[in-house]
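# Close look at the chain arrangement
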Amino acid sequence: MTSSFHEMWEELRPLGRDSSSGGYRRFAWTGADADCRAWFRAQAEARGLAYELDRNGNQWAWLGATSYRDVAPGGAVATGSHLDSVPDGGAFDGPLGVVSSFAALDELRGRGAQFTKPLAIVNFGDEEGARFGLACVGSRLATGALTREAAHRLRDGDGTTLPQAMERAGHDPEAIGPDPERLATLGAFVELHVEQGRALALHDEGAGAPVGIASAIWPHGRWRFDFRGEANHAGTTRLEDRRDPMLSYAATVLAAREQARLAGALATFGKVSVEPNGVNAIPSLVRGWLDARAAAQDTLDTVIAGIERAAAERAARDGVDLDIVRESFTPIVEFGHALRDELGAILGKGSDRPVPVLGTGAGHDAGILSATVPTAMLFVRNPTGVSHSPAETATEDDCTAGVTALADVLEGLACR
Ligand SMILES: [Zn+2]
């Protein structure tokens, strides 16, 4: 591991870490988020990069420019990722890309590389959506995929709105909105990310590969299922007199698993809230959130339709009312073949083994940006595949390989 990588990693490690779980709680616009942002700014300034905070709370560090305003359309190359986390997230999801970006710049400076284009390192805000329920808020606002009005309606679990949270963190919520001129300066954006599965670990019949290139991000979305029944006493209400939404919910969870298994897709109920949430009370409301993903849109449609049908049938049997709301959806993202092939050529140079190309079920800022900016992703091997957990890991050797790969790519894109 390069010394600069190691140093940055150690500095970042304690920020927002929960001592009991060992996981990270770096939620948007909290104190932990502010600590991570201060770290990013310090890294930029330590390298003599021009620091810029954009209208949507994304942080930029510029080499060869003081701001995007200095850059001609398509003239800059950008790299980076995010620093926020899911509840009790791992150390690598997001930070690996940001730390590797600074480390790759250090490596290129060490090589004496001559930059012919401005380089930007970026930390996108609120990628995980852990606090306000919508992922990639920083990049969605920048591209216009999320409007200011819709963003202003976002609320966290305590009822704090996104504008209130931004304001408390010292950011003007009225300033948020699309940033087309900034994005137009980016000729390429490359996001390095820890893999969130085991495709690289299992690659080539288990021989494995440290780094791969993304082909596509699966279509994915979040749906909210509200099952409304009737609250009543757990000790006095006869089973046949109950309208118990927990039963409908439980059956729906099992149906989701079954539908996903049959279709080769993924479906997860990972969050649930219950009212009144008492041990001795039949619930009046069970609200469950479904996350579903598949390699193809029609597969995902089939899975969702199957789950909705199963939920409706069971709810009818239980005397329960059902409302289903699609809270977010991201269509399939195919990364552009031109940039992807360019990365493949850069990384495959001098080797007869092509760099693995893999799809992923996880969403990323790169996926949001790809609608307007030529975008590519590099994945670093995850030996266990575990992600969104304190157990998420990557080896030192693979992190070093990731930094070198990113440096090679940036050299190929920005130093020619
Ligand atoms: Zn991530």
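Here's what I pulled together on the structure shown here. (Residues numbered from 1 in each chain as written. Predicted model: local features only at pLDDT ≥ 70, side-chain atom pairs only at ≥ 80, totals over all residues. Heavy atoms only, no water.)

Tallied over the full model, the rule gives twelve aromatic pairs. Their ring planes at 65 degrees and their centres at 6.3 Å tell us that Trp-223 and Phe-329 sit as a pair that is edge-to-face. Taken as a pair, Trp-223 in strand S7 (residues 220–228) and Phe-329 in strand S12 (residues 321–330) lie far apart in primary sequence, 106 residues in all. For Trp-223, a relative accessible area of 6% gives the class buried. Centre to centre, the rings of Phe-225 and Phe-269 are 5.4 Å apart; their planes meet at 75 degrees, and the pair counts as edge-to-face. (Phe/Tyr/Trp six-rings, centres within 6.5 Å; stacked < 30°, edge-to-face > 60°. Helix = DSSP H or I, 4+ residues; strand = E, 2+ residues; numbered from the N terminus. Buried < 20%, exposed > 50% of the residue type's maximum accessible area, 1.4 Å probe, protein only.)

Turning next to the coordination of the zinc ion. Around the zinc ion, the protein supplies His-82 (NE2), Asp-93 (OD) and His-193 (NE2) as donor atoms, at distances of 1.9 to 2.1 Å. For the zinc ion, the donor residues sit on a single chain with the sequence spacing H-x10-D-x99-H. Taken as a pair, Asp-93 in the loop between strand S3 (76–82) and helix H3 (95–111) and His-193 in strand S5 (residues 186–194) lie far apart in primary sequence, 100 residues in all. (Donors = N, O, S within 2.8 Å, 3.2 Å for Na, K, Ca; no water.)

Here the focus is the packing of helix H9 (residues 245–263) against helix H10 (residues 297–318). In the contact formed by H9 and H10, the axes pass within 9 Å of each other and the chain directions differ by 155 degrees. In terms of orientation, H9 and H10 fall into the roughly antiparallel class. Judged by the twist between their axes, the crossing of H9 over H10 is right-handed. Taken together, the residues of H10 that come into contact with H9 (itself represented by Leu-247, Ser-248, Ala-251, Thr-252, Ala-255, Ala-256, Gln-259, Ala-260 and Ala-263) are Thr-299, Thr-302, Val-303, Gly-306, Ile-307, Ala-310, Ala-311, Arg-314, Ala-315 and Asp-318. Among the residues making up the contact of H9 with H10, the classes are represented as eleven nonpolar, six polar and two charged. (Axes fitted to C-alpha atoms, helices over the stretch in contact; angles between N-to-C directions. Parallel < 35°, antiparallel > 145°, perpendicular 65-115°, else oblique. Left-handed = near helix turned anticlockwise from the far one by under 90°. Contact = heavy atoms within 4.5 Å. Nonpolar A, V, L, I, M, F, W, Y, C, P; charged D, E, K, R; others polar.)

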